[in-house]
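So the chains spell out like this:
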Amino acid sequence: MPFRLDDVLHIDWAHHHTFWDAFDPVRGEIVRSFRPLFAATIWLLTHYVGMHNYFPWHFTLVASFFIALAYTGMTARYLSGHSSSLYISILLFWFAFFPILNVLFWFGDLT
């Protein structure tokens, strides 16, 4: 799996900091942004999985994508009050973004 430059910077940060630095606004800053859960996830993946086993990195990306998609649908259901809003919002997502073959790449860039 080829890592992009921002991925390399995140992995480099994880090698030089502790897990608890992810929750410190000063020491947890990576590429000019403070995202504690993202930094903690990168730290865990770097230290416990490494860079040579790609499956956990892909699994984390895809799982977070599907969790976010389901949460969007559940929020639509809650706001509208209709039980079918979950299914409609998920179908609309796939209909709108199906032509984009690299949708997971763009999802990864929104972090």
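Just above sits the structure.
Thresholds applied
- Every chain's residues receive numbers from 1 upward, in the order its sequence appears when written.
- Selection of residues for local features in this predicted model requires a pLDDT of at least 70, selection of side-chain atom pairs for listing and counting requires 80 or more, and totals for whole chains, interfaces and linings are taken over all residues.
- By convention in this description, side-chain values take in all heavy atoms of the structure and omit both hydrogens and water.
- Whether two aromatic rings pair depends on their centres lying within 6.5 Å, for rings of Phe, Tyr and Trp, where Trp uses its six-membered ring; planes under 30 degrees apart make the pair stacked, over 60 edge-to-face, and the rest tilted.
- Burial classes follow relative accessibility: with a 1.4 Å probe on protein chains only, a residue under 20% of its type's maximum area counts as buried, one over 50% as exposed, and anything between as partly exposed.
- We define the nonpolar core as a collection of buried residues of types Ala, Val, Leu, Ile, Met, Phe, Trp, Tyr and Cys that are connected through side-chain atoms lying within 4.5 Å of one another.
- The way it works is that DSSP assigns letters per residue, a run of H or I at least four long becomes a helix, a run of E at least two long becomes a strand, and they are numbered from the N terminus.
- One fewer than the residue count of a helix, multiplied by 1.5 Å, yields its expected span.

**Q** Teacher, can you tell me more about the packing of aromatic side chains here?
**A** Two measures describe an aromatic ring pair: the distance that separates the ring centres and the angle between the ring planes. Under the defined criterion, the tally for this structure stands at seven aromatic pairs. Relative to Tyr48, the ring of Trp43 has its centre 6.2 Å away and its plane inclined at 75°; by these criteria the two rings are edge-to-face. What makes Trp43 buried here is its relative accessible area of 13%. One aromatic cluster in this structure is built from Phe19, Trp20, Phe23, Trp43 and Tyr48.

**Q** Teacher, can you tell me more about the nonpolar core here?
**A** Proteins that are soluble and globular tend to have nonpolar side chains buried together. Ile11, Trp13, Ala14, Ala22, Ile30, Ala39, Ala40, Ile42, Trp43, Leu45 and Trp57 form the largest nonpolar core, which has eleven residues in total. Looking at this core, the elements that each hand over two or more residues are helix 1 (5-16) and helix 2 (36-48). At five residues, helix 2 tops the list of elements feeding residues into this core.

**Q** Explanation requested: helix 3 (residues 55-80) in the structure shown.
**A** In this model helix 3 runs 37 Å from its N-terminal to its C-terminal C-alpha over 26 residues, within 8% of the 38 Å that 1.5 Å per residue would give. Looking at helix 3, one finds that the buried residues are Pro56, Trp57, Phe65, Leu69 and Gly73. Backbone geometry just after helix 3 places Gly81 at a positive phi near 85°.

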